[in-house]
Structure formats: C-alpha cells, structure tokens
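Close look at the chain arrangement
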Amino acid sequence: GVVDSLNQYESLPKNNAFTFCVASRLVADKGIGEVITAFNKLSKDHPESKLVLMGDGPESDTFKHQAKKNNHIHFIGHQTDPLSYIAMSDVFIHPTYHEGFSVALVEASMLARPIVATAVGGNLEIIYADKTGILIPSKDSESLYIAMDKLISDKDLRKKLGGNARKQYIDRFNFETIVQKQFIPIYEEK
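Notes on the structure follow. Per-chain numbering applies: the sequence of each chain, read as written, is numbered from 1 onward. Only residues with pLDDT of 70 or above have their local features reported here, since the model is predicted, and side-chain atom pairs are shown and tallied only from 80 upward, although totals for entire chains, interfaces and linings are computed over all residues. Hydrogen atoms and water are omitted, and side-chain values are computed over all heavy atoms in the structure.

1. Quick notes on the pattern of salt bridges
We define a salt bridge as a side-chain nitrogen of Lys or Arg found within 4 Å of a carboxyl oxygen belonging to Asp or Glu. For the coordinates displayed, the defined rule picks out four salt bridges. With a closest N to O distance of 2.7 Å, arginine 166 and aspartate 4 form a salt bridge. One end of the pair, arginine 166, is in helix α8 (residues 155-173); the other, aspartate 4, is in the segment before α1 (6-10), with 162 residues separating them in the sequence. In this structure, aspartate 171 engages lysine 167 in a salt bridge whose closest nitrogen and oxygen atoms are separated by 2.8 Å. What counts as a helix is a DSSP run of H or I of at least four residues, what counts as a strand is a run of E of at least two, and both are numbered from the N terminus.

Set out below in structure tokens:
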C-alpha cells in the first residue's frame, strides 16, 4: 500500500500550461520515445500544453535529441519528491512496454490524477479501461496521442477518471485500509 499524502500536495500551485507528466527511467522500453512522438503531434494542436519527463537513464540523450525542436518538452531529471510534480500535472502517463506492479500508478491514483497507461502486466491490476484511466496498446504513439488529445479536450472525463482512481486507491491501495482490512483480521484470528 501507499500512505495517503494527498493533503500534503493539494495546495501546490497548478502549472500555467496543461501538463502531462511521466515519471520513469529514460529507456526505450518505458515508452519514452512514443510519448515524445505523441506529444510532438499533440503540441501542434494544443500549444498551451507541456510534457514533463521526470527521471534519468542511459538513453536520456537520445530522447533529448528527439525532443529538441519542441520547447514544450521538459526533462527535469531524477527528483527526490516526484509526487509534487505529479500533483501539479493535469494527466499522468505511464507508456511502458512491460510492468510489474507500478507504485507510480498507485501514487498518481492517490493524487486523483487521470491516467493514460499501456495495457500490460501489472498496469491491468490498477487501471480499468475508461473507469480509472485510459488503457492503450504499448509501442503505439498514435493511440497515445488520441488518449492525450481526448483528455486535454474533456475536463469532465479528467475529473471522472481522477475521481475513480482516487476512490479505488482508498478502497484497495491505501496503506491504512490494507492494515485494517487485511492484516489486523489475521492477527485477531490467532
């Protein structure tokens, strides 16, 4: 479980631009190339948007080169408090090719962020299509672009997905809830 720290981040200022956020190692199999390709297309239609890529990795220079013509893409490196950047964003994106259980998705859910994630591995335990987020195929920048465009254009959908993600977090992934519903009953039986 993840400790609920939403209150700590609710008062942070929102970015002036509509912000998509990725928190990941900067390597190809995390879908970084696809998110840059999708955002390069999206930012032509929505010049008020920006993409924040949080993290480092051995392929950072490759991705910076891919993004160099787009001044709406920001590489901010490793952050000791990634939740503050996720909280200040409008949409969290998790475009990985494969994944175990993603704590980043649980944290974005805790922060009530609408999420776009690939339909792979453990993502499917956290994101339910069109309920707690938008699921897309991996390695598919066009599907990612469509999902991003849909969310930037539909405030009600963002609110619905973020609210549902938060509710699911409280019910299934909140550390205190897990202790109360799963661990304490085990000890009470003995």
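2. Notes on the nonpolar core
The term nonpolar core refers to a set of buried residues drawn from Ala, Val, Leu, Ile, Met, Phe, Trp, Tyr and Cys, joined through side-chain atoms within 4.5 Å. A simple rule labels every residue: compare its accessible area, found with a 1.4 Å probe on the protein chains alone, to the largest value its type can have, and call it buried under 20%, exposed over 50%, or partly exposed in between. Residues Phe20, Ile93 and Val116 are the most contacted members of the largest nonpolar core, which totals 28 residues. The set of elements that each furnish at least two residues to this core consists of β1 (18-23), α2 (32-45), β2 (49-54), α3 (60-67), β4 (91-94), β6 (134-136), α7 (141-153) and α8. In this description, contact between two residues means that some pair of their heavy atoms is separated by no more than 4.5 Å. If we skip the residues at most four places from it in the chain, isoleucine 93 touches Phe20, Cys21, Val22, Val35, Val116, Leu144 and Met148. Ranked by size, the runner-up nonpolar core spans 22 residues in total, among them Val2, Leu6, Leu83 and Met110.

3. Description of the packing of α2 against α7
Here α2 crosses α7 at 45°, and the two axes come no closer than 8 Å. On the basis of the axis angle, α2 is oblique to α7. Between α2 and α7 the crossing geometry is right-handed. For the pair α2 and α7, contact is made by Glu34, Val35, Thr37, Ala38, Phe39, Lys41, Leu42 and Asp45 and by Ser141, Glu142, Leu144, Tyr145, Met148, Asp149 and Ile152, respectively. All residues other than Ala, Val, Leu, Ile, Met, Phe, Trp, Tyr, Cys, Pro, Asp, Glu, Lys and Arg, Gly among them, are scored as polar; the first ten of these are nonpolar and the last four charged. Residue composition of the contact of α2 with α7, by class: eight nonpolar, two polar and five charged. Angles here are taken between N-to-C directions and fall from 0 to 180 degrees, while the axes themselves are lines fitted to C-alpha atoms, restricted in helices to the stretch in contact. Orientation categories follow fixed angle ranges, with anything under 35 degrees roughly parallel, anything over 145 roughly antiparallel, 65 to 115 roughly perpendicular, and all other angles oblique. By convention, the crossing between two helices is left-handed when the near helix turns anticlockwise from the far helix through less than a right angle, and right-handed when the turn is clockwise.

4. Some details on the sheet that holds strand β5 (residues 115-118)
When DSSP locates at least two bridges between a pair of strands, those strands are taken to pair. Spatially, six strands are ordered β3-β2-β1-β4-β5-β6 in an open sheet, and the strand pairing comes out parallel. Here the strands that pair on one side only, and so sit at the sheet edges, are β3 (73-77) and β6. On average, each strand axis in the sheet is tilted by 20° relative to the strand beside it, whichever way the strands run. As paired strands, β4 and β5 are joined by three bridges and run parallel to one another.

5. Quick word on the side chain of histidine 94
Along the chain, histidine 94 turns up in strand β4. For histidine 94, the side chain forms a polar contact with the side chain of glutamate 99, separated by 3.2 Å. Apart from residues no more than four positions distant in its own chain, histidine 94 is found in contact with Glu99, Ser102, Leu105, Val116, Ala117, Thr118 and Asn123. As used in this structure description, the phrase polar contact means that two N or O atoms lie within 3.5 Å; if the pair is within protein, one of them must be able to donate a hydrogen and the other to accept it, and residues adjacent in sequence are counted only when both atoms belong to side chains.

6. Focus on the pairing of β4
Regular strands place their side chains on alternate faces of the sheet. The side-chain alternation of β4 yields two buried faces, one formed by Val91 and Ile93 and the other by Phe92 and His94. Pairing of β1 with β4 involves two bridges; the strand directions are parallel. Bridging from a neighbouring strand, cysteine 21 pairs with phenylalanine 92 of β4. At this point the chain moves from β4, through helix α5 (residues 103-110), to the parallel β5, and the crossover so formed is right-handed. For a crossover, the right-handed case is the one in which the path from the first strand over the helix to the second runs clockwise, viewed with the strands pointing away from the viewer.

7. Remarks on the packing of α2 against α3
Two elements in contact, α2 and α3, have axes separated by 10 Å at closest approach and are oriented at 10°. Classified by the angle their axes make, α2 and α3 are roughly parallel. The segment α2 lies against α3, with Ile32, Gly33, Ile36, Thr37 and Asn40 engaging Phe63, Gln66 and Ala67. For the contact of α2 with α3, the per-class residue count stands at four nonpolar, four polar and no charged.

8. Regarding the packing of aromatic side chains
Each aromatic pair joins two rings of Phe, Tyr and Trp (for Trp, the six-membered one) with centres within 6.5 Å, and gets the label stacked for planes under 30 degrees apart, edge-to-face for over 60, and tilted for any other angle. All told, the structure shown has three aromatic pairs when counted by the stated rule. Geometrically, the ring pair formed by phenylalanine 20 and phenylalanine 39 is edge-to-face, given 6.3 Å between the ring centres and 70° between the ring planes. Taken as a pair, phenylalanine 20 in strand β1 and phenylalanine 39 in helix α2 lie far apart in primary sequence, 19 residues in all. Each member of the pair phenylalanine 20 and phenylalanine 39 is classed as buried.

Keep in mind these numbers describe shape, not what the thing actually does.
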